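Take a look at the letters that make up each chain.
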Amino acid sequence: MNCSKIFLFFFLALVVSFPAIAQDHGLPPLPKPLQNMVNEGAQLRYLGRDHGMDGWLMIKRGKEQYFYVLPDGKAMVMGVLFDHEGKAVTLEQIDKLRKSEGDQIDTLAQNVPSFKPSTIKKPTLKSPSARLYESVETANWVALGDKSAPYFYVFVDPQCRHCHDFINSLRPDYIEKGRMQVRIIPVGLISQNSLKQAAFLLGAADPAGRWMAHLDGDETALPVDRSVNTQGIQRNMGIMQDWKLDETPFSIYKSVSGEIKILRGAAKNPEQLLSDLAR
């Protein structure tokens with residue numbers, strides 16, 4: 001085969017098959033593996049069509065990945081696309097995207113290790129409270145605090161002042177001292193702006209740091225990015241809707257006795273809450 005007539009892929013890492021899935025906004029069909037990552041809060045941008053292949057930029061927890069759907073539409077590859085002259089087509093596509101979208105792409109795509117949630121054992125009980133807990137475990141959440149500390153989950157809205165007050169009340173003596181981990185589940189109940197901010201949080205690098213900066217009044221920590229996709233947040237809001245939860249903050253945790261407990265609003269006695277969290 002003449003090497004000058006083929007396209008080279010640098011760091012080729014993945015070849016998968018996928019069914020065609022229709023998309024809105026006039027974009028080409030989105031492969032199912034990419035759709036699954038979007039549903040988990042990743043940010044997706046279309047890079048355009050070059051050399052017969054549709055390119056996609058995926059950003060999750062600040063990590064960039066590039067995918068190209070092969071011309072037959074039955075598989076895709078991951079890596080940087082070069083043409084037959086050795087020119088990096090992917091870099092040109094990213095430059096065009098940056099010019100059209102601004103610096104939000106750079107803000108999202110920082111070279112920070114991805115957040116990896118710790119393994120969670122699902123409860124064996126199938127009571128309504130146990131099923132609720134299982135649903136919450138599958139939400140798209142962000143951990144605040146030491147990963148080895150006892151934890152609980154809490155639904156929060158970026159523009160919810162009560163949520164801010166609740167987390168701030170736990171910061172100095174519990175979160176920052178490593179005594180307690182708070183797994184925030186961002187939603188967007190208050191407005192479209194809070195929905196966009198919550199979606200940006202899930203896709204950004206160092207989401208815990210950005211959330212804390214947001215609580216400290218940094219208006220740049222969670223920008224209202226109009227181009228951000230919200231599937232990851234819609235998933236979280238779907239859990240709230242399925243279980244008829246309509247307020248934030250709303251917390252759920254497993255107690256030392258194995259019970260599933262809920263907390264509406266802020267904890268009146270954080271020390272008592274800590275002592276009741278399962279280890």
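Residues numbered from 1 in each chain as written. Predicted model: local features only at pLDDT ≥ 70, side-chain atom pairs only at ≥ 80, totals over all residues. Heavy atoms only, no water.

## Structural notes on the confidence of the model for the chain
Then comes step 1: Across the chain, the average pLDDT comes to 83, with 81% of residues at 70 or higher.
Then comes step 2: Here residues 1-24 scores under 50 on pLDDT; set against residues more than four positions off or in separate chains, the count is 54 contacts.
Then comes step 3: Confidence drops under a pLDDT of 50 for residues 111-125, and excluding neighbours within four residues, the segment shows 29 contacts in the predicted structure. (pLDDT = per-residue confidence, 0-100. Contact = heavy atoms within 4.5 Å.)

## Considering helix α2 (residues 89-101)
Then comes step 1: Taking 1.5 Å of rise per residue, the 13 residues of α2 would be expected to cover 18 Å, and the 18 Å separating its terminal C-alpha atoms lies within 8% of that figure.
Then comes step 2: Those residues of α2 not exposed but buried are Val89, Thr90, Gln93, Ile94, Leu97 and Glu101. Buried residues of α2 fall within an arc of 135° about the axis and therefore sit on the same side. Looking at α2, the residues exposed on the side facing more than 90 degrees away from the buried face are Leu91, Lys96 and Lys99. (Helix = DSSP H or I, 4+ residues; strand = E, 2+ residues; numbered from the N terminus. Expected span 1.5 Å × (residues − 1). Buried < 20%, exposed > 50% of the residue type's maximum accessible area, 1.4 Å probe, protein only. Arc of directions from axis to C-beta.)

## Describing the packing of aromatic side chains
Describing an aromatic ring pair means giving the distance of the ring centres and the angle of the ring planes.
Then comes step 1: Enumeration over the complete set of coordinates arrives at five aromatic pairs.
Then comes step 2: Plain terms: the ring middles of tyrosine 151 and tyrosine 153 are 5.8 Å apart, the flat faces sit at 80° to each other, and that makes the pair edge-to-face.
Then comes step 3: Assessed through its relative accessible area of 0%, tyrosine 153 is described here as buried.
Then comes step 4: Grouped by ring-pair contacts, the aromatic residues Tyr133, Trp141, Tyr151 and Tyr153 constitute a single cluster.
Then comes step 5: A cation over an aromatic ring shows up here: arginine 183 above the ring of tyrosine 151, its NZ or CZ 3.5 Å from the ring centre. (Phe/Tyr/Trp six-rings, centres within 6.5 Å; stacked < 30°, edge-to-face > 60°. Lys NZ or Arg CZ within 6 Å of the ring centre and 35° of its normal.)

## Regarding the environment of threonine 90
Then comes step 1: Relative to the assigned elements, threonine 90 resides in helix α2.
Then comes step 2: Once the C-alpha coordinates of threonine 90 and aspartate 50 are considered, the two residues, 40 residues apart in sequence, prove to be 9.3 Å apart.
Then comes step 3: When neighbours within four sequence positions are excluded, threonine 90 is seen to be in contact with Tyr66, Tyr68, Gly79, Val80 and Leu81.
Then comes step 4: Engagement of the side chain of threonine 90 in a polar contact is seen with the backbone nitrogen of leucine 81, the distance being 2.7 Å. (Polar contact = N/O pair within 3.5 Å; in protein donor to acceptor, adjacent residues only side chain to side chain.)

## Let's talk about the side chain of lysine 196
Then comes step 1: Checked against the element boundaries, lysine 196 lands in helix α6 (residues 192-203).
Then comes step 2: There is no salt bridge for the buried lysine 196, and the closest opposite charge comes from aspartate 225, which lies 7.3 Å off by N-O distance.
Then comes step 3: Apart from residues lying up to four places away in sequence, lysine 196 is in contact with Pro223, Val224, Asp225, Arg226, Val228 and Thr230. (Lys, Arg positive; Asp, Glu negative; His and termini not counted. Salt bridge = Lys/Arg side-chain N within 4 Å of Asp/Glu carboxyl O.)

## Things to note about the nonpolar core
Then comes step 1: The biggest cluster of nonpolar side chains holds 51 residues, and the ones touching the most others in it are Phe152, Ile167, Val182, Ile184 and Trp211.
Then comes step 2: The contacts of tryptophan 211, once residues within four sequence positions are left out, are Leu144, Val156, Asp157, Pro158, Ile167, Ile184, Leu201 and Leu222.
Then comes step 3: Ranked by size, the runner-up nonpolar core spans twelve residues in total, among them Leu47, Ile59, Tyr66 and Leu81. (Core = buried A, V, L, I, M, F, W, Y, C linked by side-chain atoms within 4.5 Å.)

## Considerations on the pairing of strand β6 (residues 75-78)
Then comes step 1: Burial along β6 is two-sided: Ala75 and Val77 facing one way and Met76 and Met78 facing the other are all buried.
Then comes step 2: Where strand β5 (residues 63-69) and β6 come together, three bridges link them in antiparallel fashion. Bridging across to β6, valine 69 finds its partner in methionine 76.
Then comes step 3: In textbook terms, the turn of a hairpin is the stretch between consecutive antiparallel strands, and for β5 and β6 this stretch comprises five residues, one of which, glycine 73, has a positive phi near 70°. (Pairing = 2+ DSSP bridges.)

## Quick notes on the side chain of glutamine 35
Then comes step 1: Position of glutamine 35 among the secondary structure elements: in helix α1 (residues 32-39).
Then comes step 2: When sequence neighbours within four positions are dropped, the list of residues in contact with glutamine 35 reads Leu30 and Gln231.

## With respect to the sheet that holds strand β12 (residues 260-264)
Then comes step 1: Ordered by their spatial adjacency, five strands build an open sheet running β8-β10-β9-β11-β12, and the pairing between neighbours is mixed. At either end of the open sheet lies a strand with only one pairing partner, and these are β8 (142-144) and β12. Each strand axis lies, on average, 25° off the axis of its neighbour in the sheet, ignoring direction.
Then comes step 2: As paired elements, strand β9 (residues 151-156) and strand β10 (residues 181-186) share six bridges and run parallel to each other. By the bridge assignment, tyrosine 151 is partnered in β10 with glutamine 181. (Axes fitted to C-alpha atoms, helices over the stretch in contact; angles between N-to-C directions.)

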